[in-house]
Amino acid sequence: MERLWDIRRLLILLTRSWWWPLGTLFLSFWIAWAYLRYTTSIYKSDASIQIDLSQSNLVKAKGGNEAFLPLENLADMYAELFTTYNLIERAVEDLRLEWEIYSIGRFGRSLLFPHPFTVETDLQEERVLSQLFPLTIEVGESQDLLVRKGDRLLKEGRIGAWLPLGKGQIRIVPADPRRGIPSGTYFVAKTSVSAAAYGWQSRISAFPKRGFTVWVVSVTDISPTRAQRFLAKLLEHAREYERSIRQTHYQKALEYVDTLLVAVRGGIDKAQDSLLSRERRIDLPFISVRREKALALFTDLERGQDAWEEEQAFSLLEKQVQGLLDTLEKAPQAHLPPIASFTKVDETLAKVVEELNQVIAQRERLLQLYAPSSMPILAENQRLHRLLSQLWHALLQLRAQKVQTRLRLLREWGQRRDQFYKDLVLEREFSLLQEDLSLRREIYKSLLEKRIQLSIDKEAVVSSFRVSQPPTLSSIPVYPSRIQVYVIALLLGLFIGIGGVILWHLLNQRVSYRIDIEGLSPVPVIGELPYEREQKGLLPFSGLQLEILRSLRNALGFLWDPASPKVVVLTSTVSGEGKTYLARGIAYTYALAGYRVLLVDADLRRGSISQAVGFQEKGLSLLLSASQISEEMVREAIIPLGKEGLYLLPSGPLPPNPAELLESPGLVHLIQILASEYDVFVLDTAPVGLVSDTLGILRGFPSAVTLFVFRADYSRIPFLRHLEEVIKTHHLNKVYLVFNGTKLSKPRYGYGYGYGYYGDGYIRRYYYVGERQRTRMIQRLRELLPI
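Residues numbered from 1 in each chain as written. Predicted model: local features only at pLDDT ≥ 70, side-chain atom pairs only at ≥ 80, totals over all residues. Heavy atoms only, no water.

Asks: Report on the overall build of the protein, specifying residues and quantitative values.
Replies: Across its full length, the protein carries 25 helices and 21 strands. With 787 residues in all, the protein has 41% of them scored as buried. Nonlocal contacts in the protein, meaning residues at least 24 apart in sequence, comprise 76% of its contacts between residues at least 6 apart. By element, 54% of the accessible surface of the protein is carried by carbon and sulfur atoms, the whole surface being about 43,700 Å². (Helix = DSSP H or I, 4+ residues; strand = E, 2+ residues; numbered from the N terminus. Buried < 20%, exposed > 50% of the residue type's maximum accessible area, 1.4 Å probe, protein only. Contact = heavy atoms within 4.5 Å. Areas by Shrake-Rupley, 256 points an atom, 1.4 Å probe, with all protein chains shown as cover.)

Asks: Run through the side chain of S715, naming residues and quoting values.
Replies: Counting through the fold element by element, S715 comes out in the loop between β20 (705-711) and α22 (717-730). Among the polar contacts made by the side chain of S715, one reaches the main-chain amide nitrogen of R711 at a distance of 2.9 Å. (Polar contact = N/O pair within 3.5 Å; in protein donor to acceptor, adjacent residues only side chain to side chain.)

Asks: Tell me about the packing of helix α4 (residues 85-95) against helix α6 (residues 193-201), and please be specific about residues and values.
Replies: One way to put it is that α4 packs onto α6 with a least axis distance of 9 Å and a crossing angle of 115 degrees. On the basis of their axis angle, the class for α4 and α6 is roughly perpendicular. Once α4 is placed against α6, the crossing between them reads as right-handed. Contacts between α4 and α6 involve Y85, I88, E89, V92 and E93 from the first element and V193, S194, A196, A197, Y198, W200 and Q201 from the second. Residues belonging to the contact of α4 with α6 are distributed by class as follows: 8 nonpolar, 2 polar and 2 charged. (Axes fitted to C-alpha atoms, helices over the stretch in contact; angles between N-to-C directions. Parallel < 35°, antiparallel > 145°, perpendicular 65-115°, else oblique. Left-handed = near helix turned anticlockwise from the far one by under 90°. Nonpolar A, V, L, I, M, F, W, Y, C, P; charged D, E, K, R; others polar.)

Asks: Explain the pattern of salt bridges residue by residue, including any values.
Replies: Within the structure shown, the criterion is met by 20 salt bridges. Two residues, R451 and D258, come together in a salt bridge whose shortest N-O distance is 2.3 Å. Remark: D258 occurs in helix α7 (residues 224-282) and R451 occurs in helix α11 (residues 375-459); sequence separation between them is 193 residues. Taking relative accessible area as the criterion, D258 reaches 26% and is therefore assigned partly exposed. Between E636 and K618 there is a salt bridge; the shortest N-O distance is 3.1 Å. Of this pair, E636 sits in helix α18 (residues 631-637) while K618 sits in the loop between α16 (608-613) and α17 (620-625); the two residues are 18 residues apart in sequence, bridging distant segments of the chain. Since its relative accessible area comes to 40%, E636 is described here as partly exposed. Here the residues in one salt-bridge network are E100, R203, D221 and R226, joined through shared partners. (Salt bridge = Lys/Arg side-chain N within 4 Å of Asp/Glu carboxyl O.)

Asks: Could you give me a rundown of the confidence of the model for the protein, with the residues and numbers involved?
Replies: Per-residue confidence for the protein gives a mean pLDDT of 80; residues scoring 70 or more make up 86%. The element-level mean pLDDT for the protein is lowest in helix α23 (residues 747-751), coming to 36, with strand β19 (residues 680-684) highest at 94. Scored below 50 in pLDDT, residues 60-68 makes 11 contacts in the model with residues more than four places away or belonging to other chains. (pLDDT = per-residue confidence, 0-100.)

Asks: Which residues make up the environment of R596, and what are the values?
Replies: One can find R596 in the loop between α15 (579-592) and β16 (597-601). Placed 85 residues apart in sequence, R596 and F681 show a C-alpha to C-alpha distance of 8.8 Å. Here R596 is in contact with G645, Y647, E677, Y678, D679 and V680, once residues within four sequence places are set aside.

Asks: Tell me about α15, residues and numbers included.
Replies: With 14 residues, α15 should reach 20 Å at 1.5 Å per residue; the first-to-last C-alpha distance of 20 Å fits that figure. A large share of α15 lies buried, amounting to 13 of its 14 residues. (Expected span 1.5 Å × (residues − 1).)

Asks: Pulling in residues and values, what's your account of the packing of aromatic side chains?
Replies: Evaluated as defined, the whole model comprises 12 aromatic pairs. Taking 6.2 Å as the distance between ring centres and 65 degrees as the angle between the ring planes, the aromatic pair formed by Y678 and F681 counts as edge-to-face. Judged by its relative accessible area of 1%, F681 is buried. Grouping aromatic residues by their ring pairs yields a cluster made of W560, Y590 and Y595. (Phe/Tyr/Trp six-rings, centres within 6.5 Å; stacked < 30°, edge-to-face > 60°.)

Asks: Got a sec to walk through the environment of Y102? Specific residues and values, please.
Replies: Take Y102: it is sitting in strand β2 (residues 99-105). Residue classification places Y102 among the buried residues on the basis of a relative accessible area of 14%. With 13 residues separating them along the chain, Y102 and H115 place their C-alpha atoms 9.1 Å apart. Discounting chain neighbours no more than four positions away, the residues touching Y102 are R109, S110, L111, L112, T185, Y186 and F187. Of the polar contacts made by the side chain of Y102, one reaches the side chain of E100; its length is 2.7 Å.

Asks: Tell me about α6, and please be specific about residues and values.
Replies: Three or more residues of α6 are buried, namely V193, A196, A197 and W200. Angularly, the buried residues of α6 cover 100 degrees about the axis, an arc narrow enough to put them on a single face. Looking at the buried residues of α6, the elements they touch are α4, β11 (204-210), β12 (214-221) and α7. (Arc of directions from axis to C-beta.)

Asks: Can you lay out the pairing of strand β18 (residues 646-649) for me, pointing to particular residues and giving the numbers?
Replies: Bridge count for β16 against β18 is 4 bridges, and the pairing is parallel. In the sheet register, L598 faces β18, and the bridge partner there is Y647. Two elements, strand β17 (residues 639-640) and β18, share 2 bridges in a ladder whose sense is antiparallel. Bridge pairing in β18 links P640 to Y647. (Pairing = 2+ DSSP bridges.)

Asks: Could you give an account of unusual backbone geometry, naming the residues involved and the relevant values?
Replies: The linkage connecting F113 with the following residue, P114, adopts the cis geometry, with an omega of 0 degrees. Counting through the fold element by element, P114 comes out in the loop between β3 (108-112) and β4 (117-121). The amide bond that connects Y479 to the next residue, P480, takes the cis arrangement and shows omega of -5 degrees. Examined against the element boundaries, P480 turns out to sit in the loop between β13 (465-469) and α12 (482-507). Unusually for a residue other than glycine, D713 sits at a positive phi of about 60 degrees. Its location among the elements puts D713 in the loop between β20 and α22.

Asks: Residues and numbers for the sheet that holds β2, please.
Replies: Spatially, β3-β2-β10-β5-β6-β7 is the arrangement adopted by the 6 strands of the open sheet, whose pairing is antiparallel. Only two strands of the sheet have a single neighbouring strand rather than two, namely β3 and β7 (152-158). Direction aside, the axes of adjacent strands within the sheet are offset by 30 degrees on average. Sheet topology places β2 next to strand β10 (residues 184-190); 5 bridges connect them, and they run antiparallel. Counted as the bridge partner of E100 is A189 from β10.

Asks: So what about the packing of helix α2 (residues 19-38) against α12? Which residues, and what values?
Replies: Axis separation between α2 and α12 bottoms out at 8 Å; the angle between their running directions is 155 degrees. Classed by the angle they form, the pair α2 and α12 counts as roughly antiparallel. Viewed along their axes, α2 and α12 form a crossing whose handedness is right-handed. When α2 is examined against α12, the residues W20, P21, T24, L25, S28, F29, A32, W33, Y35 and L36 are found in contact with a partner set consisting of R482, V485, Y486, A489, L490, G493, L494, I496, G497, I498, G500 and V501. In terms of residue class, the contact of α2 with α12 is built from 16 nonpolar, 5 polar and 1 charged.

Asks: Can you lay out the sheet that holds β4 for me, pointing to particular residues and giving the numbers?
Replies: Sheets are built from strands paired through backbone hydrogen bonds, the pairs being either parallel or antiparallel. As summarised here, the arrangement of the 3 strands in space is β4-β9-β8, forming an open sheet in which the pairing is antiparallel. The sheet is open, and its two borders are formed by β4 and β8 (162-165), each paired with just one other strand. Going across the sheet, the axis of each strand differs from the next one's by a mean of 30 degrees, ignoring polarity. Examined bridge by bridge, β8 and strand β9 (residues 168-174) share 4 bridges and lie antiparallel to one another. Looking at the pairing, L165 lines up with G168 of β9.

So, in structure tokens, the structure goes:
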């Protein structure tokens, strides 16, 4: 069964092994302190800048039509502005950051900034300077100095004087001539300006805070003052450089506009040339003339759409004329109707028709006056016949002329129609070319205006950002973070401490709590005896232990066979588990209840109880070795203890065959003899895990109650497996386990049998009246814990 864990058990375990978590915490905090003490701290200086984009016409609002630079491109420009190598190099040169001066103390070197002095040299070659530096400079109280390179002394001199070194000279000039240079040892290192600039470039970061108008620029360094001054100098150069960058962008915009102007101007020239060549090729001035003629011809054709009406009129007129001719030939005396008007067809024919109608009307009047066969009538009929024949022939000629004229118009329209449509396409193409040329001119005009505006803005450009928050001077390093390091040390110390205690407890094969042993024990756990400080005497029991032993005595009363002697056998796996101690306690509690109790020291090999009383001349070994056991021998071997009703049968001298003696019927016979004089027999036997003496006793007393003692934090879990094997192998019954030596922080938990209400102090006062009780401070503290 797995061990169950809760906060109570963990607290108990930690109170017992408190030194391990406390030691790991102390060690982790010491390591954290040493780490913070000897690790180089990194400080950060921050500055906020406000960018005013409204001053620039290069950038418009997002989605603007006149933006030459997108907003994202301008953000990239400002992100790269503060990490520009040229700016960093200028700042490094202004602050002389290629020089590093350290003060050498007892615990190492510390960077000094501002520099307490400057080093001037007439050497210019970086290779020579790299060979000369670093140097160690010792300044005395009288402002004299020693220049060393490693352990070798190079030169002695005074501050402010030129000292020849190698191929050149150097001079140490104090930053404050009035105060001079503080005495001490200094370490001077020199790098090239480019190397220093590259080093600072990696320590600069810039990022937008709100959109692209507010930026935060940060610089990290081992010196907070140096980081602040470098950032201030960097921002100063950045304002000037930003103005030049913006002018450069304006120049790029102007160059871009000029490129567009050249391209657009070339397009205009090409469009003009194309338009002129097209105008010459299509004969533009004659297109309108051809179009007017074609439209006039088309108008004539449209007028010719009335040809059907003329055809109908011609047909009607022919029918009327033919009808009149037929009537005159067949019935000269018949009345003739007038001919319909023909003015819409032809005016000449209309006059002829009008004349015919007059002749017909005159004939009608003559018919009223003369007879049909009279001469006037016949003359009028001939005249009318002649006019009708003339009209008939005129109709035929006119009709033929109309047809020829229409055919001629159709042929001419067919010839002009293709040219008409071709002229329309050419005119449309020419119009598109004109529109393209006009558009190019408008673009060219707009670009010219934009170029003039950009030229004005370029000359009037100013820096678009201002420092809204000056560079900060930090007193707290960003790395390493003290709070973070100590929190990690705390968590790591607690983890290692508590984890180590738990791991040790899990790897340990010992049991500390009754809840664990109840799941592991093959037999029922009948009682739990708490640990108390060892007291002198044969019966060293506290009031708390006596109460628990009383509860164990009551439990044993339900286990015995009424027909058999009341025998209690106590054993364990190995020595030191407390079986002898518990045997004395059980015997003592029975004696307190008025029973006559015989405590038998059945451990013939060791005899712990017999050694305690100092009586080993006579005892159990002699009685079992005798051929016949007499009452007188038994009475001589039994000795009384300090309590009335409590007696002891010592183990006697060590026999050569203890296992055989205990397995013989002599012990059973002895108990039967003494059963009339004693009520309870308590047998302290040898450990079953070491020798087999106890197994012979158990076979002789099958109705006896066997108490297997298991000591907390001492006995090992394999002992329980050994007990299970012994029980199965020897078919033992009435075997129970007593959990001994549990360490309890509060008495009420340790009782476990209902006696914890009054507490240990009450029991001590009740049973030890007048005895002074001393409570240790650790016990008082442990009683305050919630365990």
